[in-house]
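Coordinates in review
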Amino acid sequence: MAEAPLSPRSAGVTARSLLPPPALCGFLLLLVLVFSVSWAVGSAAGPVAPGLHGTGRTAGGDGGDGDGMEDMPGMGHGSGG
């Protein structure tokens, strides 16, 4: 059987099928735009809590129960009420 030569139209269809759909490209562009605007607004706003620092403890390093309430007043364990 003889092979039929590919027409330029069928070659364009295969190249077009390799590209993602335009809706996907538009969605990805919109996603990048939203994240970049959100990053810019966050940078302009600055830190949310500039005085907030970690406790300096490592996880499980103090031998406590790890609930983080050891230094809160009125949180005595076993007080019964």
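A short tour of the structure in this document, coming up. Predicted model only: the values in this text are computed from it and were never measured.

Moving on, we come to the overall build of the chain. Each helix and strand in the chain was counted, giving two helices and zero strands. Counting across all 81 residues of the chain, residues that qualify as buried make up 0%. Of the roughly 7500 Å² of accessible surface on the chain, 69% is carried by carbon and sulfur atoms.

Its 24 residues place the ends of helix α2 (residues 22-45) 35 Å apart at the C-alpha level, agreeing with the 34 Å of an ideal helix rising 1.5 Å per residue. Glycine 46 sits one or two positions beyond α2 and adopts a positive phi of about 85 degrees.

Glancing now at a nonpolar patch on the surface. A cluster of nonpolar side chains, Leu24, Phe27, Leu28, Leu31 and Phe35, forms an exposed patch at the surface whose accessible area comes to about 490 Å². Within the secondary structure, leucine 31 is located in helix α2.

Reading the values: the criteria
Residues numbered from 1 in each chain as written. Predicted model: local features only at pLDDT ≥ 70, side-chain atom pairs only at ≥ 80, totals over all residues. Heavy atoms only, no water. Helix = DSSP H or I, 4+ residues; strand = E, 2+ residues; numbered from the N terminus. Buried < 20%, exposed > 50% of the residue type's maximum accessible area, 1.4 Å probe, protein only. Areas by Shrake-Rupley, 256 points an atom, 1.4 Å probe, with all protein chains shown as cover. Expected span 1.5 Å × (residues − 1). Patch = residues over 30% accessible without salt bridge, like charges linked within 9 Å, V, L, I, M, F, W, Y side chains within 5 Å. Salt bridge = Lys/Arg side-chain N within 4 Å of Asp/Glu carboxyl O.

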